[in-house]
Amino acid sequence: IWQAHRGKIESASFAPDGRLLATATGGIRDPYLWDPTTGKLARKAFGALGKVKSVCFAPHAPLFAAGTDRSVTVWRTDSWLITDELALAYAYELAFGSGEDPLLVASSAEGIGIWSSIRTPAPDRSRPRERDRRISRPGGVAALHLSPDGQLLATSNPEAAQVWSLDTLKSN
């Protein structure tokens, strides 16, 4: 129907209500948010600390996250104010859990970071918050997805697909 960017898109995510489409090119600091019906730029989410590699909307909470080459930045979508800064460089995949206070998982070359909840208001952004839990995945994760109940995490890379219990952090 329309083309948002010329060149490479590293990530895209629809808002839960379908009114916005977020994109990340990997080369700029601001995720772009588009009207998916017209192709017009609706806004930019300003303030990411690095070049944006991935984007994700929370399904049941007013939250939006962008993984960058320096950290993961989280905004509230009802105000577009930054609410949290999470320590994980090169977050190539992101997924929010369900509910009003969702967990967030992010993957990088070193593995998967898990944050049990998003903090409000934003802490000192010069010191991003460390992950609550970690799954080591040498070689990284190419894709990840949370089950609807938030209990399982599916991951894949060129060698294997795995399903992880978020209670035990063990895979099948």
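Reading the values: the criteria
Residues numbered from 1 in each chain as written. Predicted model: local features only at pLDDT ≥ 70, side-chain atom pairs only at ≥ 80, totals over all residues. Heavy atoms only, no water. Buried < 20%, exposed > 50% of the residue type's maximum accessible area, 1.4 Å probe, protein only. Helix = DSSP H or I, 4+ residues; strand = E, 2+ residues; numbered from the N terminus. Pairing = 2+ DSSP bridges. Axes fitted to C-alpha atoms, helices over the stretch in contact; angles between N-to-C directions. 1 Å grid on protein atoms, 1.4 Å probe; cavity = no way out; pocket = protein on both sides within 12 Å on 5 of 7 lines; lining within 4 Å. Points joined across faces, edges and corners; volume = space filled by probe spheres on them. Nonpolar A, V, L, I, M, F, W, Y, C, P; charged D, E, K, R; others polar. Phe/Tyr/Trp six-rings, centres within 6.5 Å; stacked < 30°, edge-to-face > 60°.

A. Examining the pairing of strand β7 (residues 72-76) more closely. Burial analysis of β7 places four of its five residues in the buried class, the great majority of the element. Note that strand β6 (residues 63-68) and β7 share five bridges and pair antiparallel. Bridging from a neighbouring strand, Leu-63 pairs with Arg-76 of β7. With antiparallel pairing between neighbouring strands as the criterion, β6 and β7 make up a hairpin whose turn holds three residues. Pairing geometry for β7 and strand β8 (residues 82-86), over four bridges, is antiparallel. Its bridge partner lying in β8, Trp-75 is registered against Ile-82.

B. Spatial organisation of the sheet that holds strand β10 (residues 104-108). Spatial ordering of the open sheet is given by β9-β10-β11-β12, a layout of four strands whose pairing is antiparallel. Only two strands of the sheet have a single partner each, and these edge strands are β9 (93-96) and β12 (133-136). Shown here is a sheet whose adjacent strand axes are inclined to one another by a mean of 15°, direction ignored. Here β9 pairs with β10 via four bridges, running antiparallel. The residue bridging Leu-94 from the neighbouring strand is Ala-106, located in β10.

C. Quick look at the sheet that holds strand β5 (residues 52-57). Ordered by their spatial adjacency, four strands build an open sheet running β5-β6-β7-β8, and the pairing between neighbours is antiparallel. Edge positions in the sheet fall to β5 and β8, since each has one partner strand and no second. Mean inter-strand twist for the sheet, computed between neighbouring axes without regard to direction, equals 20°.

D. Seen up close, the layout of surface pockets. Approximately 360 Å³ is the volume found for the largest pocket. Lining of the largest pocket is provided by 25 residues; of these, Cys-56, Phe-57, Ala-95, Phe-96 and His-145 occupy positions nearest its centre. Elements that contribute at least two residues to the lining of the largest pocket include exactly β1 (11-14), β5, β9 and β13 (143-146). Residues of the lining of the largest pocket, tallied by class, amount to 16 nonpolar, eight polar and one charged.

E. Structural context of the packing of aromatic side chains. The tally for this structure, following the rule as stated, stands at five aromatic pairs. Consider the rings of Phe-57 and Phe-64, whose centres lie 4.7 Å apart with planes at 45°: the pair is tilted. With a relative accessible area of 8%, Phe-57 lands in the buried category. For the ring pair Phe-64 and Trp-80, a centre distance of 5.8 Å and an interplane angle of 65° mean the geometry is edge-to-face. In this pair, Phe-64 sits in strand β6 while Trp-80 sits in the loop between β7 and β8, placing the two residues 16 residues apart along the sequence. Ring pairs connect the aromatic residues Phe-57, Phe-64, Trp-75 and Trp-80, which therefore count as one cluster.

F. Up close: the environment of Lys-170. Within the secondary structure, Lys-170 is located in the segment after β15 (161-165). A relative accessible area of 60% means that Lys-170 is categorised as exposed. Taking the C-alpha atoms as reference points, Lys-170 and Ile-135, 35 residues apart in sequence, are found 8.6 Å from one another.

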